[in-house]
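Remarks on the overall topology
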Amino acid sequence: MKIKLRKSVIFLLSVTVLAPIVLYTNTLGTYLASSSSRNEFVEDVSTLTFAGEVRPLNVLPQESSAALKEPLGVVYSENVGDSSSEGSSASSGEYAHITRLLSGAEDGISSSSNSSSGGNGIRQVTDQVHEVDEKKENSSEAELIGKVHEVEQSKAKRRIVSRRSKAKSARPSERIAVVKDNSGEAGTEKRNEQIILPDIRIRQLKDQLIRARLYLTLSATRTNPRFVRDLRLRMKEVLKVLGGATKDSDLPKNALERSKTMEQTLLKGKQLEDDCASTLKKLRAMLHSAEEQLRAHKKQNLFLTHLTAKTVPKGLHCLPLRLSTEYFMLNSSQQQFPNKEKLEDPQLYHYALFSDNVLATAVVVNSTIIHTEDPSKHVFHIVTDRLNFAAMKMWFLANPPGRATIQVQNIEEFTWLNSSYSPVLKQLGSPTMIDYYFKNRHAESDSNIKFRNPKYLSMMNHLRFYLPEIFPKLNKVLFLDDDIVVQKDLTGLWSLNPRGKVIGVVETCGESFHRFDRYLNFSNPLISKTFSPRACGWAFGMNIFDLNEWRKQNITEVYHKWQNLNHDRLLWKLGTLPPGLITFWNRTFALEKSWHVLGLGYNPNVVQKDIERAAVIHYNGNLKPWLEIGISKFRNYWAKFVDYDQAYLRECNISP
């Protein structure tokens with residue numbers, strides 16, 4: 001009886017003392033994640049003398065002498081879960097696995113598994129205890145063991161609940177996709193799979209070229225003419241192999257052979273140059289030079305893009321000249337549009353379009369009329385400058401928009417719009433503004449080149465803030481930019497209830513850079529005390545205006561007030577969107593996003609489904625569809641509303 005009791009005490013000690021140590025052993029935790037199907041432990045760090053033998057045991061977290069290498073792009077998962085059934089796989093979690101190892105002794109696991117090399121101390125201790133006749137163990141031992149099992153299982157459950165709660169509370173950006181595997185012994189192999197990049201061979205070849213250029217600059221290798229000759233030859237071969245390939249499947253069949261040959265040559269260079277300090281110094285210099293070149297190329301690309309956006313293609317320059325010549329050959333009666341009585345009828349659908357681009361204006365009008373049920377109820381009010389007035393009229397006289405009504409006005413004829421009435425007109429003619437645009441000190445005054453676009457000098461860009469003055473007898477007007485395309489009937493916008501607001505807009509705050517702090521200077525107290533930096537921005541381009549509410553709330557005076565405060569451009573830079581956000585603050589009502597989809601003039605990743613569902617698509621940005629730099633996959637949405645067989649377009653060589 002005493003012998004039995006002594007053996008029982010030894011067994012309980014092994015369970016209650018060693019099990020917690022195993023639970024908090026870092027190396028064992030790593031082992032458990034990959035070898036739950038094998039009932040063995042291997043440790044070779046700290047030691048513990050037990051039963052006259054030296055047993056390996058790791059109490060403090062230490063680095064394993066043979067740490068597993070994690071494959072690139074693979075994240076391991078413990079796949080924690082309940083482990084009530086026997087024989088569960090590694091996905092049941094490390095706590096369930098330890099409980100199963102301990103309870104395996106009680107269930108009579110054969111001690112023959114200890115014959116494997118590197119058997120673990122705990123298994124050997126429990127196996128020695130079970131050499132005693134297990135069938136005669138008394139009920140008190142079973143109760144104690146059962147309590148130990150309950151304690152360990154409760155700890156495991158608490159730890160599982162804690163981990164699950166942390167996972168749920170984590171932000172979406174912090175949730176990392178894990179490789180899950182519940183297939184027993186095959187789990188470790190599946191977790192070791194790695195994501196193969198489609199251009200891994202190309203990356204390797206480019207890395208070899210960088211190393212080759214490095215060796216050409218080092219003194220030890222540069223003085224070896226034979227090596228330099230061989231290396232230059234290998235570089236030419238690799239460059240020829242790369243060509244314009246973007247993925248490994250584009251490479252020729254001899255790519256692998258060229259890579260191996262280059263690697264052999266680079267190994268020779270490594271033998272010639274063994275000074276790591278000089279190599280590292282040269283690499284840092286190359287990296288710095290590459291960063292400087294990249295920065296310079298980005299600036300040059302930005303400048304050239306803006307320059308291209310500001311220039312007028314030869315065909316679009318020819319078109320207004322050709323149209324103006326034809327217009328002045330007409331007599332006065334032929335220069336007039338029909339249906340003048342409809343121009344001030346508030347019961348019709350009125351559009352406001354301010355542009356000096358004849359072809360872009362034609363696309364807006366054509367795409368709108370095509371999608372209307374009754375074109376006779378639609379009136380287009382076009383305002384242009386003096387240079388394009390004759391050309392704009394001639395285009396629509398030669399290409400009448402069906403039964404729709406057209407009006408073309410010259411901004412120079414708005415005698416009420418002068419510098420004494422409009423603060424922005426006074427500012428545009430000021431010496432400081434002229435100096436800002438035409439003096440050769442651009443880099444000193446402002447680093448952001450986009451604010452130097454000549455459109456900001458045009459009063460046409462600010463006419464949208466004078467709609468009640470331009471249309472004194474109208475109640476509602478739909479404002480359209482000239483870089484949009486209409487894809488659906490827009491008459492539903494007139495029936496919307498503005499609920500006391502002035503302008504209907506599609507909000508663009510899905511991204512952080514479309515908030516108010518992107519456009520306004522919140523370091524100025526006038527801005528910070530009045531507006532919220534995180535307020536949602538919106539866009540001009542397709543906006544329905546309630547002119548009655550505009551007049552009632554005196555919006556034009558609000559606009560003038562803020563323009564006077566910004567005479568030194570300290571509240572915002574140039575443009576119409578910042579003063580629009582300020583002027584219509586708390587006076588906007590949101591439209592469904594499908595009414596107005598933006599980004600086709602700068603973002604090649606606009607979702608195709610959003611474009612197809614949109615009532616209006618907007619080419620906002622520098623990459624306009626009538627320019628060669630326009631995004632090619634979006635150009636056809638615009639081009640299909642241009643009749644390239646039209647005589648004037650053929651004469652000016654304007655083609656798709």
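Anything mentioned here points back to the structure above.
Summarised in this report is the structure supplied together with it. (Residues numbered from 1 in each chain as written. Predicted model: local features only at pLDDT ≥ 70, side-chain atom pairs only at ≥ 80, totals over all residues. Heavy atoms only, no water.)

As a further point, take the packing of aromatic side chains. Under the counting rule described, the total for this entry stands at 25 aromatic pairs. Summarising the aromatic geometry, the rings of F516 and F531 are spaced 6.3 Å apart at their centres and angled 45° between planes, so their arrangement reads as tilted. Linking F516 in the loop between β8 (503-505) and α19 (525-528) with F531 in the loop between α19 and β9 (542-546), this pair joins segments that are 15 residues apart in sequence. Residue class for F516 comes out buried when judged on its relative accessible area of 2%. Here the guanidinium or amino end of R464 rests over the ring plane of F540, the centre of that ring lying 4.8 Å away. (Phe/Tyr/Trp six-rings, centres within 6.5 Å; stacked < 30°, edge-to-face > 60°. Helix = DSSP H or I, 4+ residues; strand = E, 2+ residues; numbered from the N terminus. Buried < 20%, exposed > 50% of the residue type's maximum accessible area, 1.4 Å probe, protein only. Lys NZ or Arg CZ within 6 Å of the ring centre and 35° of its normal.)

A side chain with one charge may pair with a side chain of the opposite charge, provided their charged atoms come close. Counted according to the given criterion, the structure contains 15 salt bridges. Two residues, E292 and R295, come together in a salt bridge whose shortest N-O distance is 2.8 Å. Of the two residues, E292 and R295 both sit in helix α11 (residues 276-310), 3 residues apart, roughly one turn of that helix. Overall, the relative accessible area of 38% leaves E292 in the partly exposed class. Across the salt bridge formed by R322 and E326, the nearest N and O atoms sit 2.6 Å from each other. Residue R322 and its partner E326 are located together in helix α12 (residues 314-327), separated by 4 residues, close to a single helical turn. One salt-bridge network, in which partners are shared between bridges, spans R234, E237 and R258. (Salt bridge = Lys/Arg side-chain N within 4 Å of Asp/Glu carboxyl O.)

Of all 6 residues that make up strand β3 (residues 349-354), 5 are buried, and the element is covered over most of its length. Bridge count between β3 and strand β4 (residues 378-384): 6 bridges; the pairing is parallel. Following the sheet pairing, L353 is matched in β4 by I382. When β3 meets strand β6 (residues 476-480), the two strands line up parallel, connected through 3 bridges. When the bridges of β6 are listed, L353 appears paired with L480. (Pairing = 2+ DSSP bridges.)

We now examine unusual backbone geometry. A positive phi angle is found at R569, which is not glycine, with a value near 60°. As for its placement among the helices and strands, R569 is situated in the loop between α21 (555-565) and α22 (577-583). Unusually for a residue other than glycine, N653 sits at a positive phi of about 55°. Mapped onto the elements of the fold, N653 is located in the segment after α25 (647-651).

What follows concerns the sheet that holds β9. With mixed pairing, the 7 strands of this open sheet are ordered in space as β5-β4-β3-β6-β9-β8-β10. At either end of the open sheet lies a strand with only one pairing partner, and these are β5 (405-410) and β10 (588-590). On average, each strand axis in the sheet is tilted by 25° relative to the strand beside it, whichever way the strands run. Those strands touched by helix α13 (residues 358-370) are β3, β4, β5 and β6, and its axis lies near 170° from that of β4. Contacts from helix α14 (residues 386-398) reach β4 and β5 within the one sheet, and its direction differs from that of β5 by about 165°. (Axes fitted to C-alpha atoms, helices over the stretch in contact; angles between N-to-C directions. Contact = heavy atoms within 4.5 Å.)

Within the structure shown, the criterion is met by 2 disulfides. Shown here is the disulfide that connects C318 with C652, its sulfur atoms set 2.1 Å apart. In this structure the cystine formed by C318 and C652 twists about its S-S bond by roughly -70°; its chirality is therefore left-handed. One end of the pair, C318, is in helix α12; the other, C652, is in the segment after α25, with 334 residues separating them in the sequence. On the accessibility criterion, C318 (25% relative accessible area) is partly exposed. Residue C509 pairs covalently with C536 via a disulfide, S to S 2.0 Å. Looking down the S-S bond of the C509 and C536 bridge, the torsion is -90°, so its handedness is left-handed. Residue C509 is found in the loop between β8 and α19, and its partner C536 is found in the loop between α19 and β9; the two are separated by 27 residues along the sequence. (Disulfide = S-S within 2.5 Å.)

Here we take up the nonpolar core. L319, L478, L490 and W638 are the most contacted members of the largest nonpolar core, which totals 64 residues. With 8 residues, α13 is the largest single contributor of residues to this core. Beyond its immediate sequence surroundings of up to four residues, L478 is in contact with H350, Y351, A352, L490, L493, W494, M542, N543 and I544. Core analysis: the next-biggest nonpolar cluster, separate from the first, contains 43 residues, V424, F465, L520 and Y559 among them. (Core = buried A, V, L, I, M, F, W, Y, C linked by side-chain atoms within 4.5 Å.)

Over its 18 residues, helix α10 (residues 255-272) extends 26 Å from the first C-alpha to the last, a length consistent with the 26 Å expected when each residue adds 1.5 Å. Turning to α10, its buried residues are A255, S259, M262, T265, L266 and G269. In a view along the axis of α10, the buried residues occupy a sector of 130°, so they form one face of it. Turned more than 90 degrees off the buried face of α10, the exposed positions are E257, K260, Q264 and Q271. On its buried face, α10 sits against α7 (200-217), α8 (219-222) and α9 (225-242). (Expected span 1.5 Å × (residues − 1). Arc of directions from axis to C-beta.)

A grouping of I196, L197 and I200 is seen on the molecular surface, where their side chains present a nonpolar patch of about 300 Å² in accessible area. Along the chain, I200 falls in helix α7. I200 gets classed as partly exposed once you look at its relative accessible area, which sits at 47%. (Patch = residues over 30% accessible without salt bridge, like charges linked within 9 Å, V, L, I, M, F, W, Y side chains within 5 Å. Areas by Shrake-Rupley, 256 points an atom, 1.4 Å probe, with all protein chains shown as cover.)

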